[in-house]
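Tertiary structure, described
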Amino acid sequence: MSEKVTPAAGELKRNMGRMDLVSIAVGQIIGAGIMAMTGTAIGMTGRSVNLAFVIAGILCILTAIPQILVGGTARFKGGQYTQIAAFGGQRLAGIFIIINFFTGLGISMYVLSFTEYLLALVPGAPDKLISVAVLTILFLMNILGAKQAAVLQTAMCAVMAAAIALFIAFGIPNIQPGYLDPPDFMTKGVTGVLMASAYLSFAAGGATYVINFSGEAKNPTRDIPFAIIVPTVGISIIYAVMGTIAAGVLPVAGVANKSLALVAEAIMPHPVYVFFIVGGAMFALLTTLNASIGWMCRPFIQASKDGWLPSLFARVHPKFGTPVAVLLMFYILGLVPILLGLDISTVSSSTVILTAVVKIMLCFTAMRLPSVMPELWNKSKFHMGKGGLYFFCILGGAVATLQVVLLLVTSSAPELIGNVVILAVSVIYALIANRRVRMEVSYEDCD
């Protein structure tokens, strides 16, 4: 066990408070998913989509409980990478860091989707210039520091909250009577509700990634569990209300498998509709992108110190305390497809199943918490007996496994092939690089 230390020169600055972490969690949860996935879920279960959102929130919390227990026990400098290293071993940590690298392909998707929304409002605008500008601004904010990026995130979340509030305010009075009447409610029975819930858990999830900011949090064991639980519960309830409006204003057949923009246009005056598209859809993309840039970079610092990657990526800026080399690596990874005009939707989605598998790893390996760090676990505010710990870890792992099964059923052949290729590359790299790696499983007490 490491003792509590003050961050040395060249280490990440510990200046992120509870609200900074909450704003990052909110930005990670509220993304493009709510705009597109709600309509698909309506197609699965009809007007009971609101019930599906509530169940989805519960599933997310169940999956997150092992992360809450771990994140509430110690500070992990490398976030989820350090967790897997501590509880799952060195090779598994190497596999995780390469999978984490490939998730960077999703950066371009968020930027290109943002540009598509903007072009719908401003036809003829230079799309590549807009995409490059957006990507550059967000990366510069993250280079200036996690605190500055969190401030930007909070401002965007405030605008996004206003857009969602307007959708709810204009939508509730327009809900048609007989909402619970068949055949539009529970159109495919209990099975349909459960399938929609598992599907929507990807729209309501994402808050657990704040644990990757553990090294920069002022009080991670107190603030990270709060930043996981409160946004997940609160946003799931808000999503349920939005789902009620999405399914209850227009005929179900007309909104099934459609985006929220269709309903928004029907209930809002045009200026308000434009604000909803900009402040809701477009800012949702930006907040998710901004949060993703932050959490993807943090594990690479510790992984580079351990030897999985060149030591260059372990350095942080002496003034800003940010991993400039890692940020530039992900910036280039996001920039190249934009400049080349590549269709990377299949490539970026090819990491989805593997990132869900990582969630299973995090749940089941957390069962070793008492044996790996007994002193910290014994004084943790979340301490419980081994039976309780095993129950929550197995339950969370089972829910995550259900999500993987759903993804396997709904994935295309290219996506499945992409996952297999990425997994193979990750395993081969981990086996080869393992010989030179000398891991420092860096966690410490926060008291």
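Residues numbered from 1 in each chain as written. Predicted model: local features only at pLDDT ≥ 70, side-chain atom pairs only at ≥ 80, totals over all residues. Heavy atoms only, no water.

As a further point, take the overall build of the protein chain. When helices and strands are counted, the protein chain shows 20 helices and 2 strands. Taken over the C-alpha trace, the protein chain has a radius of gyration of 21 Å; the compact-globule value for 447 residues is 22 Å, and the two agree within 12%. When its C-alpha atoms are laid out on the principal axes, the protein chain stretches across 60 × 55 × 40 Å. In the protein chain, which comprises 447 residues, the proportion classed as buried is 56%. Taking as baseline every contact in the protein chain between residues at least 6 positions apart, the subset at least 24 positions apart corresponds to 85%. Summed over its atoms, the accessible surface of the protein chain is roughly 17,500 Å², and 70% of this surface lies on carbon and sulfur atoms. Separation between the mean location of the 26 positive side-chain charges and that of the 18 negative ones in the protein chain comes to 7 Å. (Helix = DSSP H or I, 4+ residues; strand = E, 2+ residues; numbered from the N terminus. Rg over C-alpha atoms; globule rule 2.2 N^0.38 Å. Buried < 20%, exposed > 50% of the residue type's maximum accessible area, 1.4 Å probe, protein only. Contact = heavy atoms within 4.5 Å. Areas by Shrake-Rupley, 256 points an atom, 1.4 Å probe, with all protein chains shown as cover. Lys, Arg positive; Asp, Glu negative; His and termini not counted. Charge placed at Lys NZ, Arg CZ, Asp CG, Glu CD.)

Let's shift gears to the pattern of salt bridges. Between side chains of opposite charge, a pair can form as their charged atoms come close. One pass over the structure, following the stated rule, counts 2 salt bridges. As a salt-bridge pair, R18 and D223 come within 3.1 Å of each other at their nearest N and O atoms. Linking R18 in helix α1 (residues 18-29) with D223 in helix α10 (residues 220-248), this pair joins segments that are 205 residues apart in sequence. Take R18: its relative accessible area is 28%, and that puts it in the partly exposed class. Here R222 and D223 are joined by a salt bridge, their closest N and O atoms 2.7 Å apart. A relative accessible area of 43% means that R222 is categorised as partly exposed. The exposure class of D223 is buried, given its relative accessible area of 0%. (Salt bridge = Lys/Arg side-chain N within 4 Å of Asp/Glu carboxyl O.)

Turning our eyes to something else, we now look at unusual backbone geometry. Excluding glycine, residues mostly have negative phi values, and the peptide bonds linking residues are mostly trans. With an omega of 5°, the peptide bond between P182 and P183 qualifies as cis. Following the sequence through the fold, P183 ends up in the loop between α8 (146-171) and α9 (189-204). Of note in this structure, N257 is not a glycine but carries a positive phi near 65°. Checked against the element boundaries, N257 lands in the loop between α11 (252-255) and α12 (260-267). Judged by relative accessible area, which is 52%, N257 ranks as exposed.

All right, on to the side chain of S48 then. Mapped onto the elements, S48 comes out in the loop between α2 (32-45) and α3 (49-71). Here S48 falls in the buried class, since its relative accessible area comes to 0%. Apart from residues lying up to four places away in sequence, S48 is in contact with F185, M186 and V193.

Two measures describe an aromatic ring pair: the distance that separates the ring centres and the angle between the ring planes. Counting across every chain of the model gives 9 aromatic pairs. Summarising the aromatic geometry, the rings of F101 and F102 are spaced 5.5 Å apart at their centres and angled 75° between planes, so their arrangement reads as edge-to-face. Between F167 and F276, the aromatic rings sit 5.2 Å apart at their centres with planes inclined by 20°, giving stacked as the arrangement. Note that F167 is positioned in helix α8 and F276 in helix α13 (residues 270-306), a separation of 109 residues in sequence. In this structure, F167 and F276 share a single accessibility class: buried. Among the aromatic residues, those joined into a ring-pair cluster are F101, F102, F300 and F330. Between the NZ or CZ atom of R18 and the centre of the ring of F226, over which it lies, the distance is 4.2 Å. (Phe/Tyr/Trp six-rings, centres within 6.5 Å; stacked < 30°, edge-to-face > 60°. Lys NZ or Arg CZ within 6 Å of the ring centre and 35° of its normal.)

What follows deals with helix α4 (residues 80-88). For an α-helix, the turn length of 3.6 residues means that residues three or four places apart are oriented alike. Of all 9 residues in α4, 8 are buried; the element is thus mostly enclosed. Listed as buried for α4 are Q80, Y81, T82, Q83, I84, A85, A86 and F87. Immediately downstream of α4, the backbone of G89 shows phi near 100°, a positive value.

This part covers the confidence of the model for the protein chain. Of the residues in the protein chain, 92% have a pLDDT of 70 or more, and the chain-wide mean is 84. Averaged over each element, pLDDT in the protein chain is lowest for helix α15 (residues 345-349) (60) and highest for helix α17 (residues 369-372) (92). Contacts of residues 1-10 to residues separated by more than four positions or lying in other chains number 15 contacts, the stretch itself having pLDDT below 50. (pLDDT = per-residue confidence, 0-100.)

With that out of the way, let us pick up the side chain of S304. Inspection of the secondary structure assignment puts S304 in helix α13. The residues contacting S304, other than those within four sequence positions of it, are L309, P310, S311, F313 and A314.

Within the largest apolar cluster, 115 residues are counted, with the highest numbers of intra-cluster contacts made by F167, Y239, W308 and F330. Looking at this core element by element, the count peaks at 17 residues for α13. Not counting residues within four places of it along the chain, the set of residues in contact with F330 comprises N100, F101, G104, I107, F139, M296, C297 and F300. (Core = buried A, V, L, I, M, F, W, Y, C linked by side-chain atoms within 4.5 Å.)

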